[in-house]
Number of protein chains: 2
Amino acid sequence: MAGQREPVIWLRPEQAQVGRPAERSRAEITAVAVELADREGLDAVSMRRVAAALGTGAASLYRYVATRDDLLDLMTDSTAAEYDLPAPSGDWQADLLRVAEQARHIMRRHPWLPGVVITRPTLGPNGADLLEHVLDVLADHPAQPARKLEAFAILNALTALFVQNEAAADAPGAQRQAAYLRHVAQAGHHPRVAALFTTPPEADPPTDRLPAVLIRALAGVLG
Amino acid sequence: MAGQREPVIWLRPEQAQVGRPAERSRAEITAVAVELADREGLDAVSMRRVAAALGTGAASLYRYVATRDDLLDLMTDSTAAEYDLPAPSGDWQADLLRVAEQARHIMRRHPWLPGVVITRPTLGPNGADLLEHVLDVLADHPAQPARKLEAFAILNALTALFVQNEAAADAPGAQRQAAYLRHVAQAGHHPRVAALFTTPPEADPPTDRLPAVLIRALAGVLG
DNA sequence: GGTGTTCGCATACATCGTTCGCGAACAACG
DNA sequence: CGTTGTTCGCGAACGATGTATGCGAACACC
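Quick caveat: nothing in here was measured; it's all calculated off a predicted structure. (Residues numbered from 1 in each chain as written. Chains lettered and ligands numbered in written order. Predicted model: local features only at pLDDT ≥ 70, side-chain atom pairs only at ≥ 80, totals over all residues. Heavy atoms only, no water.)

Here's the deal with the overall build of chain A
So, point 1. When helices and strands are tallied, chain A shows 10 helices and zero strands.
So, point 2. Against the globule reference of 17 Å for 223 residues, chain A gives a C-alpha radius of gyration of 22 Å, more extended than a compact globule.
So, point 3. For chain A, the spread of C-alpha atoms along the three principal axes comes to 70 × 45 × 35 Å.
So, point 4. Counting only residues that meet the buried cut, chain A has 43% of its 223 residues in that class.
So, point 5. Here the contacts in chain A between residues at least 6 apart in sequence split such that 68% fall between residues at least 24 apart.
So, point 6. Accessible surface for chain A amounts to roughly 11500 Å². Of this, 54% is attributable to carbon and sulfur atoms.
So, point 7. Of the side-chain charges in chain A, 22 are positive and 27 negative, and the distance between the mean point of each set is 7 Å. (Helix = DSSP H or I, 4+ residues; strand = E, 2+ residues; numbered from the N terminus. Rg over C-alpha atoms; globule rule 2.2 N^0.38 Å. Buried < 20%, exposed > 50% of the residue type's maximum accessible area, 1.4 Å probe, protein only. Contact = heavy atoms within 4.5 Å. Areas by Shrake-Rupley, 256 points an atom, 1.4 Å probe, with all protein chains shown as cover. Lys, Arg positive; Asp, Glu negative; His and termini not counted. Charge placed at Lys NZ, Arg CZ, Asp CG, Glu CD.)

Section: the pattern of salt bridges
All names here are of chain B.
So, point 1. A complete count under the given rule lists 28 salt bridges over all chains for this structure.
So, point 2. Across the pair Glu23 and Arg24 runs a salt bridge whose closest N-O atoms are separated by 3.5 Å.
So, point 3. Taking the relative accessible area as the measure of exposure, Arg24 reaches 23% and is therefore partly exposed.
So, point 4. We note a salt bridge from Arg104 to Glu101, for which the minimum N-O separation is 3.1 Å. On the criterion of helical spacing, the pair formed by Arg104 and Glu101 is a turn pair, its members being three residues apart in helix α4 (residues 92–109).
So, point 5. On the basis of relative accessible area, Glu101 is assigned to the partly exposed category, the value being 28%. (Salt bridge = Lys/Arg side-chain N within 4 Å of Asp/Glu carboxyl O.)

A few points about helix α3 (residues 68–79) of chain B
All names here are of chain B.
So, point 1. The end-to-end C-alpha distance of α3 is 17 Å, a good match for the 16 Å that 12 residues give at a rise of 1.5 Å each.
So, point 2. Within α3, nine of the 12 residues are buried, which leaves the element mostly enclosed by the surrounding structure.
So, point 3. Contacts from the buried residues of α3 go to α1 (26–40), α2 (47–54), α4, α5 (113–119) and α6 (125–137). (Expected span 1.5 Å × (residues − 1).)

Some words on the relation of the copies chain B and chain A
So, point 1. Each copy superposes on the other: chain B lies on chain A with an RMSD of 0.0 Å after a rotation of 180 degrees and an axial shift of 0.0 Å. Look at the turn and shift together and you get a two-fold axis relating the two. (Least-squares fit on C-alpha atoms with pLDDT ≥ 70 in both.)

Below is the structure:
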């Protein structure tokens, strides 16, 4: 784990201007890695597996990418290209909700994305376009620029948390957790936890809380 | 990645009631792992390193823990024992802010915690106490029980995000990101991003946005 | 056709989580 | 006190990981 003196991958030239030309491109490698992650999860994205999917050797990837984290950065930014960014309408809350709704769809399409967005947020070219759009939407808002940056971060992170939660609810690990909570409830202490299980099942369908939470949280950052 | 049919670690007996008694305890192992993570980061918590710190062999750990993830669960829950949980005051917003403030301190003490809380939230015995306290604070609130569970999750996750962000700001990776953003700004497109750099430095010290964001977000979930 | 440079990649290294198998240690029982 | 049943500690091994090294082959340019 040395001090990583190299700049971000998007500041490094993709192709050397002399010598033997490369047989593949960053975009091609990124696409293969994203498809692999979509299909088998982030852990399946190992240098060897990605290389195999490309039909090359593992060490070859290091001609395109300095490290595996670079590859993850490329993958993350490539998903930011899936946004549709229309001109601001004048209602910044509505516009940001549109962005969040798209983020949710994109993250559902790429189940590995929420985890990456939360643990190592990254801005590449496409992410910069997205940030530009959000700043444009907030152009007339009186908040300080630093607050707007925080708002952008919260918009992404909160959406990722919500998508991750809804995915975890159907995962097999949820039953194990619920089983333990039931055990805690039956032990006698924790009456409030026990009440969670004796409460009658709610009639109304669970409503989507993302818009309400997001708008309020953004209001909290922007002051 | 088999179907993990075993129950959560806290439902498995720590000591067998027959045969040779164990030389160590889960608590002892957890303490060593936490100390190691505090000092050298989560990646340093490998089975071999933890075992070495205990003065045993790596394979021995599997008598106490079925998998490394189990060890992480033990570590997470052990930090939940650091909360001080006084009786509810009647003002649930103030009480939850007290909880969040403690969470922030605990997470600053254990820099690896935010990442774990966000990516694999876990409830053990101490976490159950914390949940009980939060439910107690919200006892008179009319929201549905499921919403209160979401509120608990958001309280933890949002606090973790904030701590993680303030830690990332001083990390070496921040300069690399800033350098790229500066590059994007100078490229000409992205005028709003460019404005971030031409804006005069703000005089007022950056204020803590956690309380405002958290209270509003909680209001959003609880309806 | 050299020449300079990069590319592809086989190989190797250190480390990881985890499994296997077995001798030793202990509790309970006679 | 010996026997028995069971668990414990752990050396060794397996498969996988990310990455470094070194070199022959491929290309652009003069």
